[in-house]
Structure formats: structure tokens, C-alpha cells
Amino acid sequence: MKYRFLIGALAWLIASASVLAQEITFTASVDRTAIAAGDQLRLTVTLANAQERFTAPDLDGLVVVAGPHESSSFNFINGRSTSTVTRTWVLTATQPGKYTIGPARVKVMRGVIETDPITIEVSKGNAPQGSADVQRAQQSDPNLFIIVSLSKGKAYVGEPVVASYHVYNRYSSVEQTGSTPPQLNGFWSEELDASQARAEDKIVNGLQYRVVLVKQQLLLPQRPGKLRIEPMTLSCVVNRSFFNRGTPLDVRSNAIEFTAMPLPPGAPADFSGAVGEFSLDLQADRTQAKAHEAIEVNVKLSGKGNLKLIEAPRPSFPSDFEAYEPKVNDRITVNASGMSGSRGFQYTVIPRHDGRFDLGSLSLSYFDPKTATYKQLRSQPLVVEVLPGEGGPSSAPTMTMRTDVIDLDHDIRFIRTGDGLLRAKGKHLFGSWPWIAGMTTPLLLVLGFLGWDSRRQRLAGDAEAMRRSRAEKLARHRLRQAADALKSGSKAEFYSALSKALHGYATDKFTLGAAGVTEEALIARLTTDEGRTAAKDYVKLIAACDMARFAPVEELPREELYDQALVLIQQIDRIAR
């Protein structure tokens, strides 16, 4: 026994000496120390003969294109073992300058070993660099940023400008959870549909991005001078998957300034703010009518420009015509090329006397930004012939001016024509149905309140009962959120709200855990044939919703998924009662 102990101790000493004899090395190296902006280099950190984890070095503004990729090896030759652990990064620089890769550190036994710093010289490159706003945003966060751009840097007051909001992304997935719209100072805005925009790949300073148009607006400057578009904020979760909750991030776009040029002086008297290219038309539904018959006079302005901001031009109607406020008929298309279509003003006029009336022509001036000049439109003249009304000319009543109703104080009152407060003899309030209802209603209200309060206190003492009673109400609230997201076209918000509604209803209704919503658990609580079928459909719907959330695949249209969720929740709630 004594000899065995000595032999074991001797073997341990020999093994320890062998280990101590192995040299622990920790090195960092790059494949080159001088690159151009946008080019790539490879950084390798190697730890030999130690198994401890080491910290990554400070990259001093260099951007990780790929990595870290880790590899390890182990060799045993002639009774001597060696091991190495290697991590490799692919790096690039977006701007020229001098960068210093800091030391990587590892704790071995009771000490700390560091690698030597490495200096990288970056010269100006030939890779696509993008605009100055892209350059600044990339330096702030090279993996995710928003860029606001305008179709033109300056325009006249009233001339359309398109603002586009692009997201530059290098993550595997980005899910939008909220946003704060930009503040527009001095602009009239119209939202454009950006839901059909396709993502495209762009390379900026050697980094490849997935670029998506998330928002687009048509802007019309309303006053001259320097106008500012404030930043837009986007809240999102990146790299979310079935096994990873992802990382929440808030991204803020750049602010942008715009120059609104004033319209030239010397505007015509009939200019009311129309900017663009237009044509004018004046017509009546008929040019011959009898006195006191209504005539529809239509003024139509067609073309391309700030149509929605143009005020109604008013023809010069004779004093014998009673004219009403116009009805506006818009047929306007708004897209990235601006506003186009027509705006019509329909006037209803009633001639009160017979005769021939010349309404003349209608003039309207507009400003053409292409030629930077004012142009005048003039319609064809309009003549209306009014024939005598029924009974001849003498029967035509005198024209009356339409005025508001005037209160003539209270010195003369109308004669009361009803029975007022009189009632039949022998009729009394006491003992009548109104009296009985008035006396019993307060008592019924008190009893109802006591019953409601008793039920509320009973549910408050039973957390599970309270949870079950509120299940359908919470589900309907979340379904309304899904419906709002469906109308706005937000895929991420729709599937997030729909998934919460389905999972939340099942967990609340049957007091299940977050991971307990399974087909077996639902069938155990819905024992009828109808209940088992509904449980299977419910679980399939949850799976389809989760698939659409975490993968770019939508098995069914969103409207159909929403309708199925609403029907199944109502069906299961009815079965579970």
C-alpha cells in the first residue's frame, strides 16, 4: 500500500513537470497592417497550451464584417501534449485614419496575459461611400441606421417634395415594435404607401446592407425659408428567433434641412396659391331653365400640383341668382411623383327672374415652378337663358336675401298651441306607474350594486377565477390591436398582436403556463368532439402565426388568419362555459 502511494505521487510530479514545461503563448496577428477604406483584413488571436476563455480586443472603430470564428486543436506526440484555441475576425474600416487594435486578455492561474496592440493604417478607398448622412450614421452604428432623404434640396412654396425613410440593416432579422413619426415644421404632408417597396442590397464602405423603404411622405412647403424635418425614431428587436428573444434597439434617423423659395413678386389678382400645371373648365348642367329652377354650375381644375390646397374660385353670378356654397369633388391621385387629377367645385344657383344672363368667363392664375412664371387660365364664357316660371313673369316672387336666423329678444312670444301643463281631472301622480317606477328604481340600483360588489370581491379573492373571467376581454383587446396593424399594413405588429391574443387567451382561460398551450392540454379541457376539433385548429393557428413571425413565410393571408382567430376564440369560450 505504501509503495502504491509513492508510485502515484511520483507519476503526478512527472505529469506536473511536463505541463509546467509547456510554454503558454497568447498572440494576436493581422494579415496586413495597411488597407484602403472599405477593404478587409483578418485578425487572428491564438492561445496555446491553456483552456481559459479570453476577452476580445478593443477594435477602436474598426467594423466586424464576419466572425468571430473559433477553432481548436490538440496534439499528443512522444508523451508531450499541445493545444491551441484560435479566434478569427474579418474587419474593415469605413473612414481613413489610424486605428489601434487593443490587447486581448486572458487570466491564467494567478496572472493575466495580454497580446500586443496592433496599429492599422487606413487610406482613402475607392469603394462606394454613400452620402454624408450615410457616412455619419454608419460611424454611429455600422449595423443598423435610418436615413431620411429628399427628392430635391430646395423648391418653391407649394411645390411637392418627396421624403423617403430607408433602414440600413446588417442583422439577420429586424422586427419593428414601435415608432415616433418625424415632426414637420412648415410642411403640409400626405402619407404615401410604402408597403410594396422591395428590399435591395447596397455596399457602403465595404459593408453590405439590406436597405428597406419603411416610410414615404409627400411634402408641400407652406412658407419660405429654412424648414427642418426632425428625426424619426424606430424601436425594434434584432436577431429574434424561436430560441432567442432578440435584442431591443432604438434607432434615430438624421434630421434634414430644406430650403423653401418664395414665389416671385407680382402675382396676378386672381392668384390664390395654385402651384403646378393646370387647366380650367366652366360648365353648367343646362343653359336654359325656368325661374326658380336650380342650375348646377361646375368649375373644374385639372392637372398636376397642389390640388388639395386650392381654394374654390367663385364665378361672378348676377344679383338675380341665389347661389349656395360649393360642393367639392376630388379625384386626386397622390404618389411619389406628386398630386395629379382634378378638383371640382359644384355651385347650385337658382335664378329668381327670367331673362338672358351672361355669366362671363372665369379666370384663375397659377405659378408654374418649371418656368418660374405666373400663368393665367380663362374658361369659355357661360350664358344662361331663364324662362318665365309657372304663372308667367308676374308670378315671380321678389328675391330675398338668405340670412341667419335672428333672435328678436322676448318682447313678443308665440301663441302656445299645445295643452301645455294641463292634465285630465282625477289623474294624480301618487299610485301611478311613473310614481311606482321612481320609488322602486333606487332600491333596484342599490341591490344591483351590492350584487356586483359581492361578485367582484369573490373574484378578487380567487386569482384564477379572475384570470378566467377576463380572458375573452383581454383577447378582444389584443385582436383590436391586430386589426389596427392589419389596416396599417404592419406585418410585425400584426403577428405580434395576434400571437399575444391566441397565447394569452388560452393561458388565462385554462390557467396554463406560457409553455403549456399544447394540443393535449386543450383537449383535456375541451372534452367534446367539437372541443377537440377546435383545440386542434387552435394549435395549428398558433403554429402558423409563429411561423409567419419568425420566418419570411406566410402560409395564409393575414385577413384569413385574423378571422380564424376571432371565430376560434368565440367558439372555445362558448364550449368552455
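Keep in mind the model is a prediction, meaning the values are calculated, not measured. (Residues numbered from 1 in each chain as written. Predicted model: local features only at pLDDT ≥ 70, side-chain atom pairs only at ≥ 80, totals over all residues. Heavy atoms only, no water.)

This part is about the overall build of the chain. The helix and strand tally for the chain stands at nine helices and 31 strands. Once local pairs closer than 6 in sequence are excluded, the contacts in the chain between residues at least 24 apart make up 71%. In the structure as shown, the chain presents an accessible area of about 34,700 Å², 53% of it carried by carbon and sulfur atoms. (Helix = DSSP H or I, 4+ residues; strand = E, 2+ residues; numbered from the N terminus. Contact = heavy atoms within 4.5 Å. Areas by Shrake-Rupley, 256 points an atom, 1.4 Å probe, with all protein chains shown as cover.)

A word on the packing of aromatic side chains. With the rule as written, the count across this model stands at 11 aromatic pairs. Taking 5.2 Å as the distance between ring centres and 75° as the angle between the ring planes, the aromatic pair formed by phenylalanine 271 and tyrosine 374 counts as edge-to-face. In this pair, phenylalanine 271 is assigned in strand S22 (residues 271-284) and tyrosine 374 in strand S30 (residues 373-378), connecting sequence segments 103 residues apart. Grouped by ring-pair contacts, the aromatic residues Tyr156, Phe271, Phe367 and Tyr374 constitute a single cluster. (Phe/Tyr/Trp six-rings, centres within 6.5 Å; stacked < 30°, edge-to-face > 60°.)

Here the focus is the environment of leucine 561. Looking at the element boundaries, leucine 561 is found in helix H9 (residues 558-575). C-alpha of leucine 561 to C-alpha of isoleucine 542: the two residues are 19 residues apart in sequence and 9.7 Å apart in space. Ignoring sequence-local partners within four residues, the contact set of leucine 561 consists of Tyr495, Leu498, Leu541, Ala544 and Leu556.

Here we take up the sheet that holds strand S4 (residues 54-55). Taken together, three strands build an open sheet; the order of strands is S4-S8-S9 and the sheet is antiparallel. Whereas interior strands pair on both sides, the edge strands pair on one side only; in this sheet they are S4 and strand S9 (111-114). Two strands pair when backbone bridges link them, and S4 and strand S8 (residues 105-108) are joined in this way by two bridges, in the antiparallel orientation. For threonine 55, the partnering residue across the bridge sits in S8 and is arginine 105. (Pairing = 2+ DSSP bridges.)

Right, let's talk about the pattern of salt bridges for a bit. Any two side chains of opposite charge can pair if their charged atoms end up close together. The final tally for this structure, using the stated rule, is 15 salt bridges. Of the charged contacts, one joins glutamate 277 and lysine 370 as a salt bridge, the two residues approaching to 3.1 Å between their closest N and O atoms. Highlighted residues: glutamate 277 in strand S22 and lysine 370 in the loop between strand S29 (363-368) and S30, separated in sequence by 93 residues. (Salt bridge = Lys/Arg side-chain N within 4 Å of Asp/Glu carboxyl O.)

Quick look at unusual backbone geometry now. Positive phi is not limited to glycine here, since histidine 292 has a value of about 75°. Within the secondary structure, histidine 292 is located in the loop between strand S23 (288-290) and strand S24 (295-305). When its relative accessible area of 30% is taken as the criterion, histidine 292 is described as partly exposed. Although it is not a glycine, alanine 372 adopts a positive phi angle of roughly 55°. Note on placement: alanine 372 falls in the loop between S29 and S30. (Buried < 20%, exposed > 50% of the residue type's maximum accessible area, 1.4 Å probe, protein only.)

In a pair of packed helices, the angle between the axes and the distance between the axes together describe the arrangement. Interhelical geometry of helix H5 (residues 471-488) versus helix H6 (residues 491-509) gives an angle of 170° and a closest axis separation of 8 Å. Taken as axis vectors, H5 and H6 run roughly antiparallel relative to one another. On H6, the residues touching Ala471, Glu472, Leu474, Ala475, Arg478, Leu479, Gln481, Ala482, Ala485 and Leu486 of H5 are Glu493, Phe494, Ala497, Leu498, Lys500, Ala501, Gly504, Tyr505, Asp508 and Lys509. In terms of residue class, the contact of H5 with H6 is made up of 12 nonpolar, two polar and six charged. (Axes fitted to C-alpha atoms, helices over the stretch in contact; angles between N-to-C directions. Parallel < 35°, antiparallel > 145°, perpendicular 65-115°, else oblique. Nonpolar A, V, L, I, M, F, W, Y, C, P; charged D, E, K, R; others polar.)

Let us now look at the sheet that holds S23. Sheet architecture is open: three strands sit in the order S23-S31-S28, paired in mixed fashion. Strands at the two margins of the open sheet, each flanked by one partner only, are S23 and strand S28 (355-360). The sheet shows a mean angle of 25° between the axes of neighbouring strands, direction not considered.

A few words on the packing of H6 against H9. Contact geometry for H6 and H9: axes closest at 11 Å, N-to-C directions at 15°. The orientation of H6 with respect to H9, classified from their angle, is roughly parallel. Along this stretch, H6 crosses H9, giving a crossing that reads as left-handed. Together, Lys491, Phe494, Tyr495, Leu498, Ala501, Leu502, Tyr505 and Lys509 of H6 and Arg558, Leu561, Tyr562, Ala565, Ile569, Ile572 and Asp573 of H9 make up the contact between the two elements. Within the contact of H6 with H9, the residues separate by chemical class into 11 nonpolar, no polar and four charged. (Left-handed = near helix turned anticlockwise from the far one by under 90°.)

On to the nonpolar core, then. Ranked by size, the top nonpolar core spans 35 residues in total, and within it Leu498, Leu502 and Tyr538 carry the most contacts. Once you skip the residues sitting within four places of it in the chain, leucine 502 turns out to touch Tyr538, Leu541, Ile542, Ala565 and Ile569. If you look at the next biggest cluster of nonpolar residues, it comprises 34 residues, including Leu220, Ala284, Ile332 and Phe357. (Core = buried A, V, L, I, M, F, W, Y, C linked by side-chain atoms within 4.5 Å.)

With respect to the secondary-structure elements, arginine 87 resides in strand S6 (residues 80-92). According to the relative accessible area criterion, arginine 87 is buried, its value standing at 10%. For arginine 87, the contacting residues outside a window of four places in its chain are Leu43, Thr44, Val45, Arg53, Phe54, His69 and Glu70.

When you line up the elements, alanine 56 lands in the loop between S4 and strand S5 (63-77). Counting along the chain gives 46 residues from alanine 56 to glycine 102, while the straight-line C-alpha distance between them is 9.0 Å.

Each regular strand carries side chains that alternate between the two faces of the sheet. Most of strand S11 (residues 144-150) is tucked away: six of the seven residues are buried. Summarising the sheet, S11 and strand S13 (residues 161-169) pair through seven bridges and their orientation is antiparallel. Bridging from a neighbouring strand, phenylalanine 145 pairs with tyrosine 168 of S13.

Turning next to the confidence of the model for the chain. Looking at the chain as a whole, its pLDDT mean stands at 80, while 83% of the residues score no less than 70. Confidence drops under pLDDT 50 across residues 9-21; counting only partners more than four residues distant or on other chains, this segment forms three contacts. pLDDT under 50 marks residues 394-409. Its contacts with residues more than four places away, or in other chains, come to 15 contacts. (pLDDT = per-residue confidence, 0-100.)

Let's shift gears to the pairing of strand S31 (residues 382-387). A one-sided burial pattern is seen for S31, the buried positions being Leu382, Val384 and Val386 and the unburied ones Val383, Glu385 and Leu387. As defined by bridge partners, S23 adjoins S31 across three bridges and the pair is classed as parallel. Considered in S31, the bridge of alanine 289 is made with valine 386. Summarising the sheet, S28 and S31 pair through five bridges and their orientation is antiparallel. Of the residues in S31, the one forming a bridge with arginine 356 is glutamate 385.

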